[in-house]
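Each chain, letter by letter, is given below.
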Amino acid sequence: MNDLRNFTISSTNPCLVLFLIDQSGSMNERFGNASHNKAKEVANAINELLYEVGLRCYSGNDIKNRFEIGIIGYGKDGYVKSGWEGALTGKWVVSIKNVFDYPLGIEDDKPTWITPAAGGSTPMKSAFENARKLTDDWISWGNHRECHPPIIINITDGVATDGGSNFKDLINEVNELKRLGTNYGPVNILNIHLSDRVGDRVLFPNEMSNSYDLFSKLLFDMSTTLNENMVRLATQRGYNIVQNSKGYIYNGNAVDLINFLNIGTPQ
Amino acid sequence: MRIKIFQLHKRASQEYIHIQDRYAISSTDNVFAIADGTTQSFKSEIWAKMLVDDFVKNPIFNINFYFENSKKLAESFTNLEFEYNTNFAIASLEKKKQQNGGTATFLGIKFIDNNKFNFLSCGDSCLFVFEDKQVTSYPFKNLDELDANQSFLNTSKLLTEIENEITFNTNEISFNSKSTIVIATDAFSRLLFKNPSVLNAIYNLNDFESFKIVIEDLWNTNKLEEDDISIILIEPIEETKIIEILPPKDFSFPKIEEKEFIPFTKSSQTFLEVENMEQINRMLEHLIHENKFIKNKLKLTHALLYSVLLLLVLNFAVLFYVLKKAKVDEDANVEKIEKIVSKSRTDKNK
């Protein structure tokens, strides 16, 4: 296994970021104390993250293809399908340069790519199955084995409807995905849990207290541990991240995660 | 002094004009400076150039004075005019980057006499003094100290923060006539911390091609970070000789062929299956909808047909009744006429 300390995400060695977004009917519910619903929160989170990734890739008057972005939507009308909209509809993975070439709209002087969507069941297991196949293909493509391990970010509010008895099917699927990796380590799986419950934002905990429900704990267990390099960079940049912290976020977004990656020279 | 300057841009930048490291020297005053413009900040190569050019003209080793001077430079940088991209999404990134300012690390030295020099630095550019088999490094003693560095010269921060929030390092350093002084930006400095003997591979190089081969080999074997490389070697001998080993004007790294990733057949089929299922379901829904419509239409047609048939039957019945009645009436009339005729004949005979 190569050492991530010596690795910089670049256009020659890009990183795959794959979003799985819950678009089920329950995403119509209000998000915590906010005036908007969870679907809007998801759209905001992804648009913000794409913008942040763009900022890290803009260099010398151009956007470098340091990241390739996939969006898998699940639940809308009961299906699992590409979550890209507008000119990118139907694409599975899009380079960050192309993402900025085809924005969908503008909000608060920033480009947007995703609009809120909600309706149908929650086929999360099928979404992870698609993510596994897509990630497997991506790793096998070109020099991608020499790249940063893919980052899979699942954003959901609740219970998978195709998880099987005691969510065994879902857990097995996620475990299959966890077996994939590049020469720099296994894939990183993050789960962002959106809740209608009013509560504090929890970022990358290393344990879950009993006050959280069964599904919160399941999502926590499904998340991978932040790798040593992420913890090192996060600590250097002032985050209170400890060893064995997991990629689980409760009622927050993953913008902070970008600061845990070695992209070009940090500002 | 014998001075060798090596520079190579990272392969992703393709051409030397895109290098974000800058250096400047004044051989008459024995002043040397390097600055590493950070990849992610706004027009950092311009900011890096401003820092080194100003330092060789006006070397400052007092931290307070240097901070005040850097603020003035930051103001000049902020007042420069830039054109935004025509794509609004990219222009929004540029505006945000501009707000955050230009960022660079800096290291400058000035020789005081034959065995002393001053240095001032901010950020992760490093200085090494090789003496016999000993290596001394400044301002960081080891790789961990370098990695922990959080300091840099950012134009926005210089204009808004107070001096003690930015860490500057300065010192007076002694050396001997056999010393080799090396100043380098962070990527090569990291390599020197891990393996100081790598300097031997660089030391005797006198042409760009050989330097490129050494650096590419280090990049390819992941021993050296793929970043802009700037190294200045200084040997304190009497003879003054400056050798600049830089990429020639016609040199560029090959353009990286970017192939769009397309999922393989296995996955595509799976995705297609999902999409096909969706299409089939939509077709089914459409067929059901059409079927309902046709059924309703058929029902209406049936109803109309039955109505027409019923009307026809009724018409026939009425016609039959009317005709029958007419026949009865006709018979009755004939009978009446016959009776009248018969009566009139009887009356006539009488």
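For the structure itself, consult the block above.
Remember, it's a predicted structure, so these values are computed and weren't measured experimentally.

Turning our eyes to something else, we now look at the overall build of chain A. Helix and strand content of chain A: 6 helices and 14 strands. Taking all 267 residues of chain A together, the buried fraction comes to 61%. The contacts in chain A between residues at least 6 apart in sequence include a share of 76% that link residues at least 24 apart. When the accessible surface of chain A is totalled, it reaches about 9800 Å², and 43% of it is carbon and sulfur.

Our next topic: the overall build of chain B. Within chain B, the regular secondary structure consists of 9 helices and 12 strands. In chain B, of all internal contacts separated by at least 6 residues, the share reaching a separation of at least 24 is 73%.

A few words on a nonpolar patch on the surface. Residue and element names in this part refer to chain B. A contiguous nonpolar surface patch, about 840 Å² in accessible area, is contributed by L305, Y306, V308, L309, L312, F316, L319 and L323. Position of F316 relative to the elements: it lies in helix α9 (residues 265-349). Judged by relative accessible area, which is 55%, F316 ranks as exposed.

Residues and elements named next belong to chain B. As for its position among the elements, L80 is in the loop between α2 (63-78) and α3 (88-100). Accessibility expressed as a relative area gives 35% for L80, which makes it partly exposed. Apart from the residues lying within four places of it in its own chain, the contact partners of L80 are I46 and M50.

Residue and element names in this part refer to chain B. Counted by the stated rule, this structure contains 21 salt bridges over all chains. Where R190 meets E225, a salt bridge forms, and the shortest distance between an N and an O atom there is 3.4 Å. With R190 in helix α6 (residues 186-194) and E225 in the loop between α8 (208-220) and β11 (229-235), the pair connects residues that are 35 residues apart, well separated along the chain. Both residues of the pair, R190 and E225, count as buried. Ionic contacts of the salt-bridge type, sharing partners, join the residues R11, E209, K212, E216 and E226 into one network.

Further remarks concern the pairing of strand β3 (residues 31-37) of chain B. Residues in a regular strand point their side chains to alternate faces of the sheet. Residue and element names in this part refer to chain B. Of all 7 residues in β3, 7 are buried, a share of seventy percent or more. With burial as the criterion, each face of β3 is covered, one bearing V31, A33, A35 and G37 and the other bearing F32, I34 and D36. Linking two consecutive strands that pair antiparallel, namely strand β2 (residues 21-26) and β3, is a turn of 4 residues; a positive phi of about 55° is found at N30 within it. Of the strand pairs in this sheet, β3 and strand β4 (residues 103-113) are connected by 7 bridges, and their pairing is antiparallel. Pairing of D36 across the sheet is with T105, part of β4.

Counting 55 residues, the largest nonpolar core has F19, F67, I69, F100 and I153 of chain A as its most contacted members. Among the elements of the structure, β1 (15-22), α1 (38-57), β4 (67-74), α2 (96-101), β9 (151-156), β12 (188-193) and α6 (228-236) of chain A together with α3 of chain B are those that each provide at least two residues to this core. Of the residues forming this core, the biggest block, 10 residues, is contributed by α1 of chain A. Discounting residues that sit within four places of it in the chain, I153 of chain A has contacts with V17, L18, F19, L20, L190, I192, A254 and L257 of chain A.

The next subject is the interface of chain A and chain B. Counting residues at the interface gives 48 residues for chain A and 46 residues for chain B. In this assembly, chain A packs against chain B so that about 4500 Å² is buried in total across both faces, 53% of it on carbon and sulfur atoms. One can count 0 salt bridges joining chain A with chain B. Put simply, chain A and chain B have 6 residue pairs in polar contact (both at pLDDT 80 or more) between them. The set of elements that each furnish at least two residues to the side of chain A that touches chain B consists of α1, β2 (58-59), β5 (80-82), α2, β7 (105-107), α3 (124-140) and α6 of chain A. Residue contributions to the side of chain A that touches chain B peak at 7 residues, all from α3 of chain A. A per-class count over the side of chain A that touches chain B returns 18 nonpolar, 17 polar and 13 charged.

All names here are of chain B. Mapped onto the secondary structure, S44 falls in helix α1 (residues 44-57). A residue is classified by how much of its surface remains accessible, and S44, at 0% relative accessible area, is buried. When neighbours within four sequence positions are excluded, S44 is seen to be in contact with Q20, G37, T38 and T103.

Another point: the packing of α1 of chain A against α3 of chain B. Axis separation between α1 of chain A and α3 of chain B bottoms out at 10 Å; the angle between their running directions is 70°. Judged by the inter-axis angle, α1 of chain A sits roughly perpendicular to α3 of chain B. Crossing hand, α1 of chain A versus α3 of chain B: right-handed. In this structure, α1 of chain A contributes Y51, G54 and L55 of chain A to the contact, and α3 of chain B contributes S92, L93, K96 and K97 of chain B. The residue makeup of the contact of α1 of chain A with α3 of chain B, split by class, is 3 nonpolar, 2 polar and 2 charged.

A few words on the sheet that holds β11 of chain B. Residue and element names in this part refer to chain B. With mixed pairing, 6 strands are arranged side by side in an open sheet as β7-β6-β10-β11-β1-β12. Looking at which strands have only one partner, the edges of the open sheet turn out to be β7 (134-138) and β12 (241-245). Each strand axis lies, on average, 15° off the axis of its neighbour in the sheet, ignoring direction. Where α8 meets the sheet, its contacts fall on β1 (2-8), β11 and β12, and the angle it forms with β1 comes to roughly 55°.

Now for the packing of aromatic side chains. In the structure shown here, the tally under the stated rule is 23 aromatic pairs over all chains. An angle of 45° between the planes, with centres 4.6 Å apart, marks the rings of F7 of chain A and Y184 of chain A as tilted. Residue F7 of chain A is found in the segment before β1, and its partner Y184 of chain A is found in the loop between β10 (181-182) and β11 (185-186); the two are separated by 177 residues along the sequence. Across this residue pair, the class does not change: F7 of chain A and Y184 of chain A are buried. Seen in terms of ring centroids, F251 of chain B and F253 of chain B are 5.0 Å apart; in terms of plane orientation they differ by 80°. Their pairing is edge-to-face.

For the rest of this paragraph, the subject is the packing of α3 of chain A against helix α4 (residues 168-178) of chain A. Residues and elements named next belong to chain A. At a minimum axis distance of 9 Å, the contact between α3 and α4 shows a crossing angle of 15°. In terms of their interaxial angle, α3 and α4 are classed as roughly parallel. With respect to the hand of their crossing, α3 and α4 are arranged in left-handed fashion. Residues M124, K125, F128, E129, A131, R132 and T135 of α3 pack against D169, L170, E173, V174, E176 and L177 of α4. Across the contact of α3 with α4, the residue classes break down as 6 nonpolar, 1 polar and 6 charged.

Turning to the environment of P150 of chain A, a few remarks are in order. Residue and element names in this part refer to chain A. Checked against the element boundaries, P150 lands in the loop between α3 and β9. You can call P150 buried: its relative accessible area is 0%. Those residues in contact with P150 that lie beyond four places of it in its chain are L16, T135, W138, I139, T182, V187 and N188.

Conventions we followed
Residues numbered from 1 in each chain as written. Chains lettered and ligands numbered in written order. Predicted model: local features only at pLDDT ≥ 70, side-chain atom pairs only at ≥ 80, totals over all residues. Heavy atoms only, no water. Helix = DSSP H or I, 4+ residues; strand = E, 2+ residues; numbered from the N terminus. Buried < 20%, exposed > 50% of the residue type's maximum accessible area, 1.4 Å probe, protein only. Contact = heavy atoms within 4.5 Å. Areas by Shrake-Rupley, 256 points an atom, 1.4 Å probe, with all protein chains shown as cover. Patch = residues over 30% accessible without salt bridge, like charges linked within 9 Å, V, L, I, M, F, W, Y side chains within 5 Å. Salt bridge = Lys/Arg side-chain N within 4 Å of Asp/Glu carboxyl O. Pairing = 2+ DSSP bridges. Core = buried A, V, L, I, M, F, W, Y, C linked by side-chain atoms within 4.5 Å. Buried area = accessible area lost by both parts, 1.4 Å probe. Polar contact = N/O pair within 3.5 Å; in protein donor to acceptor, adjacent residues only side chain to side chain. Nonpolar A, V, L, I, M, F, W, Y, C, P; charged D, E, K, R; others polar. Axes fitted to C-alpha atoms, helices over the stretch in contact; angles between N-to-C directions. Parallel < 35°, antiparallel > 145°, perpendicular 65-115°, else oblique. Left-handed = near helix turned anticlockwise from the far one by under 90°. Phe/Tyr/Trp six-rings, centres within 6.5 Å; stacked < 30°, edge-to-face > 60°.

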